[in-house]
Amino acid sequence: MLDVHKPHYSDAPALIKTPSAAVREYARLHVNTRDSDFVDSAGRTLSLRGVNLGGAKFPTKNGRTHISDGFFEGMYDASFVGRPFPLAEADTHFNRLRAWGLNLVRLTITWEAVEHEGPGIYDEEYLAYLTALVEKARLFGLAVYIDPHQDVWSRFSGGDGAPGWTFEKVGLDVRAFQETGAALVHQTYAGDKSAFPRMCWPTNLHKLACATMFTLFWAGNAFAPNFEIDGQSAQDYLQGHYTRAMVKVAEAVFHLPNVLGFGTMNEPLPGYIGIRALDKLSGPLKNDLMPTPFEGMALGSGFEVKVGRYAIDSLKCLALGMPLSTELTNSGKRSAWLPGRECVWRQHGVWDVNSLTGLPRLLEPNYFAKKDFGLDFYVPFTKAFARDIRTAGHADWLIFVEMPPADLGLCPFPIFDTEHLGGGVVHAPHWYDQLTLFLGKFVKWASFDVQKGSPHFGAGSVSRLRSRQLRELLHQAGTHVGGAPTMIGEVGIPFDMHEREAYGGLVNNCVVPTMVNCEAALCATIDALEASHLSYALWCYAADHTPEWGDGWNREDLSLYSETAAREVPLESDPHGVHLGGRALAAFVRPYVQAVAGTLVGTPVYDAATRTYELVFRHDPTITEPTLVYVPTAVQYRDGYEVYISDGEYDLEMQPAKAGGFVTVRYKHDPRKQIHTLTVAPKGGLGKGRAPTGIFAGMAGALFSGAAKPVPYSAPRSSPPPPFRGSPWNPRKAIRNPTSQTAPEGDSRCTLVHARIRTPRGTRSEHEEWGPSEALVLPEVGGRGAVTGSG
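Keep in mind it's a predicted model, so treat the numbers as computed, not measured.

Asks: What is the right way to look at the overall build of the chain in this model?
Replies: Per the secondary structure count, the chain includes 19 helices and 37 strands. In the chain, which comprises 791 residues, the share counted as buried stands at 59%. For the chain, the share of sequence-separated contacts (at least 6 apart) that also reach a separation of at least 24 residues comes to 73%. In the form shown here, the chain has an accessible surface area of approximately 30300 Å², with 52% of it arising from carbon and sulfur atoms.

Structure follows, in C-alpha cells:
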C-alpha cells in the first residue's frame, strides 16, 4: 500500500483496486437531501460551508498560465499529480480548512488530468494521487464533491478542462489560435504577461476554438451531422471520452464514504447554440478584441478582418456596446485549421466564400438558433452522465447541476425532471458580485446588475440587489430543479482589488498593505449568503499562490490563502501556525450552525461589528441528536466568549491549538419547549445574566414571557483545550482523569473541565506536542471532559 506521507506513487495501481462487494455497502458521510435541505443521518438540517481547491486546473510542471516554456510540447505528457497540492502537505492544508469551520471541499479536477496522453489512455498515477487526497480529506472530516472543471473548454483555448488532442481530432491547430483570434491565451499572449487583460479569459466563449468544440460536444449530431471522428459522430465521440474519463475517477473513489457525488461539468457553455445572429456580438461581456462568431469563422479560415477592441471598464463599451477602436486581425492570413482540414461550419453551409469578391459571406445567420441548449442538450446529457457515474460509484451519490452563469445571458435555464435523474440532485449555480470581480473595485454603495444592464447606487439598493439575485437562484431551484437544495458552487472576491492594495498601498509616503476593502467585500458577500441561509463553496484555496501571479491562472487572485500573507491571528492564539496564510479571515471564519435539530425560525444572524451570533429554531421531536454550532475562538474570540441558551443544556467540544483552536457547541434543547434560542458573543458582550439583545430579542421575550434564562459561559483566553487522541472516524476510548475548574460566581451551572488522557503510552498533558500523523477526535456528547450547563 502506498505511504501517502511520501511524495512517490510507484505502486499507484494498488490504490485503485476494486474493493469487495461488501465495501460497496457503505454509509456515506452523513449528507443527504430532503426536499430543499441538506440533512444528516439523524435528520438534522445541515449548513455546508466549503471551498474550491484551486491550483488543480493546470499541470504540476510549468503549468501556470504565464509560463510559455513547454506549453505546446507538453500537451501529451502533462502530469497533474500533486495538484492542488502534494500529499505530503495535505494534512497541513486540510487541518487549516477544518479550523476555518469548513466541512466541504469542491475538488476541482479536469478531463485533461485524467486523459491527457491520448484517447483512452488514462493516468493511473493521477487517479491514485486523487484517491489518496480524498482519503486525506476524510481523516479531517471533510466531505468532497468531485467537480469536473472546465473554463472555455481547455488550457489551449485560454482556460482549462479538455485535453489538447481534442482540438486535433476536430482539425484545429492550437498553435495558430493567437494569430487567428481563435482564442486569447495567456501563455501565448504577445504583450507583457503581467499586463494580460483582467478577467479577459471569458471572452473566449464565442471565439472559434471554444465555441466550435462546445457546439460539437453538445450538438454535433444536430448541427454537424456529416462530421465524424474515428467513425463516430463528433458529439458521441467527445461525450463518450469525457464521460468515460469521469467514470474512471468514480471507480477510483467509490469506496470512500466522504465522496458526496459529482458535478456534471463546471459552467457548461453552449458554444454557438442559441445565437440568433452570427454577425453580431451577443451577451454583455465585451473585453479586448471581440470578433463576432461569423468574423471568428472567417479569421480561422485565413481571412484578415477588422475586429472591434473593447475595454471592460469603459463606459462607452459598457453602456453603449460600442468598441473603442477596430484593428486589422490575422494580417498574415494564417488558418486555425490543420493542413488538409477546413472549417466544419463552412462544410455545413453556415458560410461560404463569395465567388466574385473572394470574401467570406454569411449564409445562415440564425443556423444555431433552432435548438435550446439546456432543454435539448444539457438535460439529456445530465441524465446519461448521472446514470454512468452512479453505476460506477453509488446509486445515492448526489449530482450537482449547473448552467452557464446567469449574468452572461447565454441561454434560459431548463426544467429538470429530477425523478428521471434518479433523485439526489443539487442545484449548484455560481454567484459573484460582478462589479467587484471584473473591475477589481469594491464600493459598498455601488454595484451593477449585469443581467438587467442597470446600475445600483446606495448601500441599501446594493444590498437589495444581492438579496434579489440569491432569492432568484433559490426560486429557480423550486421551479426548475424539482425543489432541490441549492448550494452556491462558486463565490468569492478578488484580493488584487484597488490597485493591489493588499500587497502594499502608499500611505503617508510609506508602502502599507491593507486588507480593509478585501475584508469588507468578502464580509458583504458572506452576509448576503447567510441572509438567504445558503450553503456555499468559496473560490478558492490555492496552496501555491504568489503575490506576483496570484492563483497562477490567467492573473486571477481570489485565493483565501497565500503563504506570504501577513499573520492575522496572533502567535499566542495560533502557536502552531494553523491560520498562517489566511486572508480576510474575520470576514468568513465566523460562528454558524452546522446542524440544527429542527427548522430555523427566521435566519441565523452574525453581526460582524459586535461579533454576536444568534440562532432561533423550532425543534423536530423525532430528532434526538443535538444542534451543533461552530465557534472560531482563535479567529473571533481570543479574549473569551459567552454562550447563552433559552433552555436545555449544552456541552463544548474544544479543539487544541494544534487543530486551530475552535469549539463546537452541542446544544441539547428542552423538548418541552417549542422554540429555542442560542447566542454566542464576545466575553462581556451581552452582559452577565442578560437575554440575547439582537434582532430576536423581542421574539425571545414574547416566546418565553420574560422567563428566558441564559446560561453564559466565558472561555478564558489562557485556558488550553483538552486534547483527544485517535482517528475522527474510529475514535479510541481513553481513560480520562479530569480536573475541574469552577466557573465564575453567578455561572455555577457551568463547569470547565481540563483533561489529561491516559493512553497505553502513558498520561499526556494538554500541552504535549502531537506527531504529524496523529489526528484529533471530538469527545462524546455529555461525556467527561466536556463543559455542560443546564437551563
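Read on, since the account is not over.
Asks: In this structure, what is going on with the pairing of strand 29 (residues 649-654)? I would like to understand it.
Replies: Where a strand is regular, its side chains alternate between the two sheet faces. With five of six residues buried, strand 29 lies mostly within the body of the structure. Sheet topology places strand 29 next to strand 30 (residues 663-668); six bridges connect them, and they run antiparallel. When the bridges of strand 30 are listed, Leu652 appears paired with Val665.

Asks: Would you mind showing me how to read unusual backbone geometry here?
Replies: Among all residues except glycine, the phi angle is most often negative; among peptide bonds, the trans geometry is most common. With an omega of 20°, the peptide bond running from Arg83 to Pro84 counts as cis. Tracing the backbone shows Pro84 in the loop between strand 4 (49-53) and helix 2 (90-99). Residue Cys540 is bonded to the preceding Trp539 through a cis peptide linkage, with omega at 5°. As for its placement among the helices and strands, Cys540 is situated in strand 22 (residues 535-541). The phi dihedral of Val152 falls on the positive side, at around 45°, and the residue is not glycine. Within the secondary structure layout, Val152 lies in the loop between strand 6 (143-148) and helix 5 (165-170). The class of Val152 is buried, set by a relative accessible area of 1%. Phi at Arg611 is positive, roughly 55°, even though this residue is not glycine. As for its placement among the helices and strands, Arg611 is situated in the loop between strand 25 (605-607) and strand 26 (612-619).

Asks: Sorry, what's going on with the packing of helix 7 (residues 208-223) against helix 12 (residues 373-392) here?
Replies: How two helices pack is summed up by the angle between their axes together with the distance between the axes. Two numbers describe how helix 7 lies on helix 12: the axes approach to 10 Å, and their chain directions differ by 115°. Crossing of helix 7 over helix 12 shows right-handed handedness. Note on element contacts: helix 12 touches helix 7 through Phe373, Phe377, Tyr378 and Phe381, opposite Phe217, Trp218, Ala219, Ala222 and Phe223. Tallied by class, the residues present in the contact of helix 7 with helix 12 amount to nine nonpolar, no polar and no charged.

Asks: Explain the sheet that holds strand 10 (residues 288-289) here, please?
Replies: With antiparallel pairing, three strands are arranged side by side in an open sheet as 10-11-12. The open sheet is flanked by strand 10 and strand 12 (325-329), the only strands paired with a single partner. Sheet analysis places strand 11 (residues 305-310) next to strand 12, joined by five bridges and oriented antiparallel. When the bridges of strand 12 are listed, Arg309 appears paired with Ser325. Strands strand 11 and strand 12 of the sheet are contacted by helix 9 (residues 293-300), whose axis makes an angle of about 130° with strand 11.

Asks: Which parts of the structure should I look at to understand the nonpolar core?
Replies: Considering soluble globular proteins, one finds that nonpolar side chains tend to be buried as a cluster. Ranked by size, the top nonpolar core spans 173 residues in total, and within it Phe94, Leu97, Trp100, Leu107, Trp218 and Trp345 carry the most contacts. Those residues in contact with Trp345 that sit more than four places away from it in its chain are Thr212, Thr215, Leu216, Phe223, Ala224, Tyr272, Met297, Val350, Trp351 and Phe368. Val596, Val629, Tyr667 and Val680 belong to the second-largest nonpolar core, a separate cluster that totals 20 residues.

Asks: What's the story with the side chain of Arg64 in this structure? I'm lost.
Replies: Mapping Arg64 onto the fold places it in the loop between strand 4 and helix 2. Among residues more than four places away in sequence, those in contact with Arg64 are Phe58, Asp544, His545, Thr546, Trp549, Gly550, Asp551 and Gly552.

Asks: Would you explain the packing of aromatic side chains in this entry?
Replies: Two aromatic rings are characterised by how far apart their centres lie and by the angle between their planes. Inspection of every chain in the model, using the stated rule, returns 43 aromatic pairs. On the numbers, 6.4 Å between centres and 10° between planes, the contact of Phe214 with Trp218 is stacked. Note that Phe214 and Trp218 are positioned in helix 7 at a spacing of four residues, about one turn of the helix. Here Trp218 falls in the buried class, since its relative accessible area comes to 0%. Its guanidinium or amino end placed over the ring of Tyr592, Arg49 lies 4.1 Å from that ring's centre, counting from NZ or CZ. The ring of Trp351 has Arg346 lying over it, and the distance from NZ or CZ to the ring centre is 5.5 Å.

Asks: Hey, could you run me through the pattern of salt bridges in this one?
Replies: Side chains carrying opposite charge are able to pair once their charged atoms draw close together. Scanning the entire structure with this criterion turns up 33 salt bridges. With a closest N to O distance of 2.7 Å, Arg155 and Glu112 form a salt bridge. Of the two residues, Arg155 sits in the loop between strand 6 and helix 5 while Glu112 sits in helix 3 (residues 111-115), which places them 43 residues apart along the sequence. Just as Arg155 is buried, Glu112 falls in that class too. A salt bridge links Arg138 to Glu135, with the shortest nitrogen-to-oxygen separation between them at 2.8 Å. Of this pair, Arg138 and Glu135 both sit in helix 4 (residues 124-139), three residues apart, which is roughly one turn of the helix.

Asks: Which parts of the structure should I look at to understand the environment of Lys61?
Replies: Examined against the element boundaries, Lys61 turns out to sit in the loop between strand 4 and helix 2. Separated by 20 residues in the primary sequence, Lys61 and Val81 place their C-alpha atoms 9.6 Å from one another.

Asks: Got a minute to help me understand helix 12 in this structure?
Replies: In an α-helix, one full turn covers 3.6 residues, which means residues spaced three or four apart are oriented alike. Here helix 12 spans 27 Å end to end across 20 residues, near enough to the 28 Å set by a 1.5 Å rise per residue. Sitting at the head of helix 12, Asp372 places a side-chain oxygen 3.2 Å from the backbone nitrogen of Gly374.

Asks: What should I look at first to understand the confidence of the model for the chain in this one?
Replies: Fine structural detail should not be taken from predicted coordinates in areas where pLDDT scores are low. Of all residues in the chain, 82% have pLDDT values of 70 or greater, and the mean over the chain is 84. Of the regions scoring below 50 in pLDDT, residues 687-791 engages in 207 contacts with residues more than four places distant in sequence or in other chains.

Asks: Which parts of the structure should I look at to understand empty space enclosed by the protein?
Replies: Vacant regions in the atomic arrangement are exposed by a probe of water-molecule size rolled over the atoms. For the structure shown, the criterion picks out eight cavities of 30 Å³ or more. Taken as a whole, the largest cavity encloses approximately 130 Å³ of empty space. In terms of lining residues, the largest cavity is bounded by 16 residues, among which Leu205, His206, Ser282, Leu285 and Met290 are the most central. When the residues that make up the lining of the largest cavity are grouped by side-chain class, the tally is 10 nonpolar, four polar and two charged. If you add up the space inside the second largest cavity, you get close to 90 Å³.

Asks: Help me understand helix 9 in this model?
Replies: Summarising burial for helix 9: seven of the eight residues are buried, a large majority. For helix 9, the full list of buried residues reads Pro293, Phe294, Gly296, Met297, Ala298, Leu299 and Gly300. Positive backbone phi, at 95°, marks Gly302, one or two positions downstream of helix 9.

Asks: Teacher, can you tell me more about the pairing of strand 17 (residues 446-449) here?
Replies: With four bridges connecting them, strand 17 and strand 18 (residues 454-457) associate as antiparallel partners. Of the residues in strand 18, the one forming a bridge with Asp449 is Ser454. Linking strand 17 back to strand 18 in an antiparallel pair, the connection comprises four residues, with Gly453 at a positive phi of about 70°.

Calculation rules
Residues numbered from 1 in each chain as written. Predicted model: local features only at pLDDT ≥ 70, side-chain atom pairs only at ≥ 80, totals over all residues. Heavy atoms only, no water. Helix = DSSP H or I, 4+ residues; strand = E, 2+ residues; numbered from the N terminus. Buried < 20%, exposed > 50% of the residue type's maximum accessible area, 1.4 Å probe, protein only. Contact = heavy atoms within 4.5 Å. Areas by Shrake-Rupley, 256 points an atom, 1.4 Å probe, with all protein chains shown as cover. Pairing = 2+ DSSP bridges. Axes fitted to C-alpha atoms, helices over the stretch in contact; angles between N-to-C directions. Left-handed = near helix turned anticlockwise from the far one by under 90°. Nonpolar A, V, L, I, M, F, W, Y, C, P; charged D, E, K, R; others polar. Core = buried A, V, L, I, M, F, W, Y, C linked by side-chain atoms within 4.5 Å. Phe/Tyr/Trp six-rings, centres within 6.5 Å; stacked < 30°, edge-to-face > 60°. Lys NZ or Arg CZ within 6 Å of the ring centre and 35° of its normal. Salt bridge = Lys/Arg side-chain N within 4 Å of Asp/Glu carboxyl O. Expected span 1.5 Å × (residues − 1). Polar contact = N/O pair within 3.5 Å; in protein donor to acceptor, adjacent residues only side chain to side chain. pLDDT = per-residue confidence, 0-100. 1 Å grid on protein atoms, 1.4 Å probe; cavity = no way out; pocket = protein on both sides within 12 Å on 5 of 7 lines; lining within 4 Å. Points joined across faces, edges and corners; volume = space filled by probe spheres on them.

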